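# Structural overview
Now for the letters of each chain:
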Amino acid sequence: GENVEQHPSTLSVQEGDSAVIKCTYSDSASNYFPWYKQELGKGPQLIIDIRSNVGEKKDQRIAVTLNKTAKHFSLHITETQPEDSAVYFCAATNSGGYQKVTFGIGTKLQVIP
Amino acid sequence: NAGVTQTPKFQVLKTGQSMTLQCAQDMNHNSMYWYRQDPGMGLRLIYYSASEGTTDKGEVPNGYNVSRLNKREFSLRLESAAPSQTSVYFCASSDALKASSGNTIYFGEGSWLTVV
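Below: a short report on this structure.

Now for the overall build of chain B. In terms of helices and strands, chain B carries zero helices and 11 strands. What you see in chain B, going N to C, is helices and strands ordered as β-β-β-β-β-β-β-β-β-β-β. Against the compact-globule benchmark of 13 Å for 116 residues, chain B has a radius of gyration of 13 Å, which places it among compact chains. With the C-alpha coordinates aligned to their principal axes, the bounding extent of chain B is approximately 40 × 25 × 25 Å. In chain B, buried positions account for 50% of the 116 residues.

Given below as structure tokens:
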């Protein structure tokens, strides 16, 4: 099955700096890569996603890049703000008969004011 | 909009007790899921229901049973709770029957379960 590795597990940045979270996946058949943000006491919520036919996608201060050859994808947050503090999960979707999503272990991001 | 609603939010059980976590979604989604979240382990799939009337095991199904009661509701049952089942449980739903459509998974707020 799919295996998703995510690092770092914790990340502290100064407000205004950039944050980068990296993931690798094992199943070359995976074709959809969402990123979820989980705030304290809440369920994860989709913040951005990328499909295998696209190399980069941007939405305001967040961007995701995908390197299918290397099976790497990354989340980039620029001009970080305290409200960006949360746990971020990357995920890869197996292209089997249903949407089976494999998640990374999560990255706890702390933005220091 | 309610989205995915799960109950209870907090529960303490004694070893050997049984309980059922309830989940309902109001988005007319076909697929529903139960995940557990543990420190350092991320989100792990317990069971899923690709569509009404079907259920299948996920990554960590042992000790759990599920029921897809109708299109809206998907419950998770612990028949004989063990301390290893202390975790945060998330119900989720999505509209995708095929992975290629890549539809968003919507999560509930979580249920904190402690087994003593």
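Each helix and strand in chain A was counted, giving zero helices and 11 strands. Ordering the α and β elements of chain A from the N terminus gives β-β-β-β-β-β-β-β-β-β-β. Expected size for 113 residues packed as a compact globule is a radius of gyration near 13 Å; at 14 Å, chain A falls within 12% of this value. Along the longest, intermediate and shortest principal axes, the C-alpha atoms of chain A span 45 × 30 × 20 Å. Counting only residues that meet the buried cut, chain A has 46% of its 113 residues in that class. Pairs at least 24 residues apart make up 53% of the contacts formed inside chain A by residues separated by at least 6 positions. When the accessible surface of chain A is totalled, it reaches about 5400 Å², and 46% of it is carbon and sulfur.

Counting across every chain of the model gives 14 aromatic pairs over all chains. Summarising the aromatic geometry, the rings of Tyr36(A) and Phe107(B) are spaced 5.6 Å apart at their centres and angled 85° between planes, so their arrangement reads as edge-to-face. Within this pair, whereas Tyr36(A) is found in strand β4 (residues 32-38), its partner Phe107(B) is found in strand β10 (residues 106-107), the two belonging to separate chains. On the basis of relative accessible area, Phe107(B) is assigned to the buried category, the value being 10%. Following the ring pairs from residue to residue traces out a cluster consisting of Tyr36(A), Phe89(A), Phe103(A), Tyr33(B), Tyr35(B), Phe90(B) and Phe107(B).

Rules and cut-offs
- Residues numbered from 1 in each chain as written.
- Chains lettered and ligands numbered in written order.
- Predicted model: local features only at pLDDT ≥ 70, side-chain atom pairs only at ≥ 80, totals over all residues.
- Heavy atoms only, no water.
- Helix = DSSP H or I, 4+ residues; strand = E, 2+ residues; numbered from the N terminus.
- Rg over C-alpha atoms; globule rule 2.2 N^0.38 Å.
- Buried < 20%, exposed > 50% of the residue type's maximum accessible area, 1.4 Å probe, protein only.
- Contact = heavy atoms within 4.5 Å.
- Areas by Shrake-Rupley, 256 points an atom, 1.4 Å probe, with all protein chains shown as cover.
- Phe/Tyr/Trp six-rings, centres within 6.5 Å; stacked < 30°, edge-to-face > 60°.

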